[in-house]
Amino acid sequence: DGGITQSPKYLFRKEGQNVTLSCEQNLNHDAMYWYRQDPGQGLRLIYYSQIVNDFQKGDIAEGYSVSREKKESFPLTVTSAQKNPTAFYLCASSQIPGQGGPLMIFGPGTRLTVL
Amino acid sequence: ELKVEQNPLFLSMQEGKNYTIYCNYSTTSDRLYWYRQDPGKSLESLFVLLSNGAVKQEGRLMASLDTKARLSTLHITAAVHDLSATYFCAVDKGNNDMRFGAGTRLTVKP
């Protein structure tokens, strides 16, 4: 079955540590995204990538970094510069418009807690 | 900057009743999406609306898009408890750059 996997499901971080959240998709989608969701809130865009080796900052990129070395993978690193990283992180992917449909699919999410 | 506003943010309704959730957005776009999120879960795609006047229906939910008014609606018919969830609309700014509304938390009471 095609889909998006995120790991780990739960992640605990000590202050001052960098952590990396994994996102993999086997949908052959070109575009991938990272969103952050705080309790009772909507989604805010952190970074997105439309093609391999290229990515753009979203609304809240400070304190985060990404890479897109492979089409299937878009890992997110939460650095120590992110002062309030406790949140639910959602990865998504979609096809470029005009190439079979723009439907955006979400992964199951990673819940990050800072201790 | 694209702003996406949903209302209401909280909605409590009786089973069997009808109601509409509204999604307004501030700049031109002809791609709008509706998602459902259950507590602690990820987002599930409900509808993709790609043109002015588009209408999609699935069960008790019907979504429509008016690009001239920059408005989409999600209409709930004869609500049932299973529809309790948070519903998000999302607008494509272009080039797959999506912006989400704050969500409407729907509670359907027996």
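Residues numbered from 1 in each chain as written. Chains lettered and ligands numbered in written order. Predicted model: local features only at pLDDT ≥ 70, side-chain atom pairs only at ≥ 80, totals over all residues. Heavy atoms only, no water.

Engineer: Looking at this model, I keep getting lost on the layout of surface pockets. Mind explaining?
Structural biologist: Picture a little ball the size of a water molecule; that probe, rolled over the atoms, points out where space is still empty. The volume enclosed by the largest pocket comes to roughly 500 Å³. Looking at the lining of the largest pocket, the elements with two or more residues in it are strand 9 (87-94) and strand 11 (110-114) of chain A together with strand 9 (85-92) and strand 11 (104-109) of chain B. When the residues that make up the lining of the largest pocket are grouped by side-chain class, the tally is 11 nonpolar, 11 polar and five charged. As a volume, the second largest pocket reaches approximately 270 Å³. Lining the second largest pocket are 16 residues, and of these L43, R44 and D59 of chain A together with R99 and F100 of chain B lie nearest its centre. (1 Å grid on protein atoms, 1.4 Å probe; cavity = no way out; pocket = protein on both sides within 12 Å on 5 of 7 lines; lining within 4 Å. Points joined across faces, edges and corners; volume = space filled by probe spheres on them. Helix = DSSP H or I, 4+ residues; strand = E, 2+ residues; numbered from the N terminus. Nonpolar A, V, L, I, M, F, W, Y, C, P; charged D, E, K, R; others polar.)

Engineer: Is there a simple way to think about the interface of chain B and chain A in this case?
Structural biologist: Where the parts come together, the accessible area they lose is often given as the size of the interface. On the side of chain A, 25 residues touch chain B, which itself brings 21 residues to the contact. Connecting chain B to chain A are one salt bridge. The salt bridge partner of R99 of chain B is D59 of chain A, with a shortest N-O separation of 3.0 Å. Viewed at the interface, chain A and chain B are joined by four residue pairs in polar contact (both at pLDDT 80 or more). Where the side of chain B that touches chain A is concerned, the elements lending two or more residues are strand 4 (32-37), strand 5 (43-49) and strand 10 (98-100) of chain B. Partitioning the side of chain B that touches chain A into residue classes produces nine nonpolar, seven polar and five charged. (Contact = heavy atoms within 4.5 Å. Salt bridge = Lys/Arg side-chain N within 4 Å of Asp/Glu carboxyl O. Polar contact = N/O pair within 3.5 Å; in protein donor to acceptor, adjacent residues only side chain to side chain.)

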